[in-house]
Amino acid sequence: MVPDKIIAAMQEYKPKKVFAAPMILNRFVEMILHPDLSENHNEEYYKNQKEKLMCALGGKMEVFLTGGAAISPLLESFLVTKLGFPLVTAYGSTESGTV
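Everything in this summary refers to the structure shown in the same document. Note that the structure is predicted; figures quoted are calculated from it, not measured.

Calculation rules
- Each chain carries its own residue numbering, running from 1 in the written order of its sequence.
- Predicted model: local features are reported for residues with pLDDT of at least 70 only, side-chain atom pairs are reported and counted for 80 or more only, and whole-chain, interface and lining totals are derived from all residues.
- In computing side-chain properties, one takes all heavy atoms of the structure into account and sets aside hydrogens as well as water.
- Here the term buried applies to any residue with accessible area under 20% of the maximum for its type, exposed to any over 50%, and partly exposed to those in between, with areas from a 1.4 Å probe on protein chains only.
- Working definition: helices are DSSP H or I runs of at least four residues, strands are E runs of at least two. Numbering for both runs from the N terminus.
- By definition, two strands form a pair when at least two bridges between them are found by DSSP.
- We count a salt bridge whenever a side-chain nitrogen from Lys or Arg sits within 4 Å of a carboxyl oxygen from Asp or Glu.
- Among buried residues, those of type Ala, Val, Leu, Ile, Met, Phe, Trp, Tyr and Cys that are joined through side-chain atoms within 4.5 Å constitute a nonpolar core.
- Every residue pair with non-hydrogen atoms within 4.5 Å of one another is taken to be in contact.
- Each Phe, Tyr or Trp ring, with Trp reduced to its six-membered ring, pairs with another whose centre is within 6.5 Å; inter-plane angles below 30 degrees give stacked pairs, above 60 give edge-to-face pairs, and intermediate values give tilted ones.

## Re the pairing of strand E1 (residues 17-20)
Working note: regular strand, side chains alternate between the two faces of the sheet.
Okay, step 1: Along E1, the buried face is formed by Val18 and Ala20; none of Lys17 and Phe19, which line the opposite face, is buried.
Okay, step 2: Across 4 bridges, E1 lies against strand E2 (residues 63-66) in parallel orientation. For Lys17, the partnering residue across the bridge sits in E2 and is Val63.

## Remarks on the pattern of salt bridges
Okay, step 1: Scanning all chains against the criterion turns up 1 salt bridge.
Okay, step 2: As a salt-bridge pair, Lys17 and Glu62 come within 3.4 Å of each other at their nearest N and O atoms. One end of the pair, Lys17, is in strand E1; the other, Glu62, is in the loop between helix H3 (43-56) and E2, and 45 residues separate them in sequence.

## Points about the nonpolar core
Okay, step 1: In terms of nonpolar packing, the biggest core is built from 23 residues, with Leu53, Phe64, Leu79 and Phe85 touching the most fellow members.
Okay, step 2: Within the residue set of this core, elements represented by two or more residues are helix H1 (2-13), E1, helix H2 (22-33), H3 and helix H4 (73-82).
Okay, step 3: Counting residues per element, this core draws most heavily on H2, which supplies 5 residues.
Okay, step 4: Every residue in contact with Phe64, bar those within four places of it in the chain, is listed here: Val18, Ala20, Leu25, Phe28, Phe85, Pro86, Leu87 and Val88.

## With respect to the packing of aromatic side chains
Okay, step 1: For the coordinates displayed, the defined rule picks out 4 aromatic pairs.
Okay, step 2: With centroids separated by 6.5 Å and ring planes inclined at 90°, the aromatic side chains of Phe28 and Phe64 adopt a geometry described as edge-to-face. Of this pair, Phe28 sits in helix H2 while Phe64 sits in strand E2; the two residues are 36 residues apart in sequence, bridging distant segments of the chain.
Okay, step 3: For Phe64, a relative accessible area of 0% corresponds to the buried category.
Okay, step 4: Between Tyr45 and Tyr46 the ring centres are 5.3 Å apart and the planes differ by 75°, which places this aromatic pair in the edge-to-face class.
Okay, step 5: Assessed through its relative accessible area of 23%, Tyr45 is described here as partly exposed.
Okay, step 6: Joined through ring pairs, the aromatic side chains of Phe28, Phe64 and Phe85 make up one cluster.

All we've got here are geometric facts, nothing functional implied.
Given below as structure tokens:
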């Protein structure tokens, strides 16, 4: 499976910046966390989830840029608001200029 190989490479090379389509980010989150996005959890749960995701993606992530398609609002909210994941969404940036 390709996402497994990408995650293995990320763990080896420890990237600080990644750009990928939302589908790839969604697959990473599903494979690594298996989250229940519809429920609210305690702060410790979100802290553990962020740590698990960051470690799986190499542990040095400063920013994960996504674009090319819209990201699910539920997934974006989970990553940014709940986990504090360093996500930048660039979808639609060609219409508004460089951000």
